[in-house]
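The lines below spell out each chain.
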Amino acid sequence: MKHVTWGAVTAMALATVFVGCAQVPPSPQVQKYSDSELPVPADYKSWPKFLSDVQRADVKQVREIYINPTGHSTKMGDEFPNGTISVMEIYKVREASDGTPLKGADGKFVKGELSKIGVMGKGAGWGESVTPPELRNGDWVYSMYMADATTKAPDNTATCRACHLPLTDKDYIFRYDEYFQKRVK
């Protein structure tokens, strides 16, 4: 019978542990964003539409809003989960020579050029750095870019926050009910 030393047993046990650890994939690192840091995702146009052709007469805009698959999986009545990102394309309304907004045969504004792209994202602890604290929208953060999707727009995200603040019962999301009523399953 062969004689095995404790040293050999220990070495075999350690080798098994190290081999086992090497096979476990590392957990992905989730970046924590603050306002104005969340980038425009390159693939957002492949995402489901949150809402399309949103008419904003007050600011002469038409908006197209996309939501990533994480957010799209949300059920009505639930908050959007961490990892939800929405992208809003903001188009100028085409105008007549006198500045009057042009409308199509359907009575809706005629979409002009893309002027800005807004990004709204939710992640654990993302909203903690917001100042003043009374403008926190839970864990949501906001970024605004020019049409090129890389140049930061001069817009102050405090304006976004103040506008969304009253929507606590809808997870700070405008048109929450409309989205779920129109959503194609």
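Above this text is the structure in question.
Residues numbered from 1 in each chain as written. Predicted model: local features only at pLDDT ≥ 70, side-chain atom pairs only at ≥ 80, totals over all residues. Heavy atoms only, no water.

Structural notes on the environment of E89
Secondary-structure assignment places E89 in strand β3 (residues 85-93). Here the alpha-carbon distance between E89 and A147, two residues 58 residues apart in the chain, equals 8.3 Å. Among all residues touching E89, those that are not within four sequence positions of it are Y44, K45, V62, R63, E64, Y66, L114 and K116. In terms of polar contacts, E89 uses its side chain to reach the side chain of Y91, at 2.9 Å. (Helix = DSSP H or I, 4+ residues; strand = E, 2+ residues; numbered from the N terminus. Contact = heavy atoms within 4.5 Å. Polar contact = N/O pair within 3.5 Å; in protein donor to acceptor, adjacent residues only side chain to side chain.)

Describing the sheet that holds strand β1 (residues 49-56)
Ordered by their spatial adjacency, 5 strands build an open sheet running β1-β2-β3-β4-β5, and the pairing between neighbours is antiparallel. The outermost strands of the open sheet, each flanked by one partner alone, are β1 and β5 (140-146). For this sheet, the mean angle separating the axes of adjacent strands, direction not counted, is 20°. In the sheet, β3 pairs with strand β4 (residues 111-122) via 8 bridges, with the strands oriented antiparallel. Residue M88 lies in a different strand from β4, and its bridge partner there is G118. (Pairing = 2+ DSSP bridges. Axes fitted to C-alpha atoms, helices over the stretch in contact; angles between N-to-C directions.)

Observations concerning the layout of surface pockets
Space inside the largest pocket adds up to approximately 740 Å³. R56, R63, M88, H164 and F174 are, among the 31 residues lining the largest pocket, the residues nearest its centre. The residue inventory of the lining of the largest pocket, partitioned by class, reads 18 nonpolar, 8 polar and 5 charged. (1 Å grid on protein atoms, 1.4 Å probe; cavity = no way out; pocket = protein on both sides within 12 Å on 5 of 7 lines; lining within 4 Å. Points joined across faces, edges and corners; volume = space filled by probe spheres on them. Nonpolar A, V, L, I, M, F, W, Y, C, P; charged D, E, K, R; others polar.)

Observations concerning the pairing of β1
Where β1 meets strand β2 (residues 61-67), 5 bridges bridge the pair, whose relative direction is antiparallel. Opposite V54, over in β2, you have R63 as the bridge partner. Once β1 ends, the chain turns through 4 residues before running back antiparallel as β2, passing K60 with a positive phi of about 50°.

Section: the environment of L51
Mapped onto the elements, L51 comes out in strand β1. For L51, a relative accessible area of 4% gives the class buried. In sequence terms L51 and R175 are 124 residues apart; their C-alpha atoms lie 8.5 Å from each other. Not counting residues up to four positions away in its chain, the partners in contact with L51 are E64, I65, R175, E178, Y179 and K182. (Buried < 20%, exposed > 50% of the residue type's maximum accessible area, 1.4 Å probe, protein only.)

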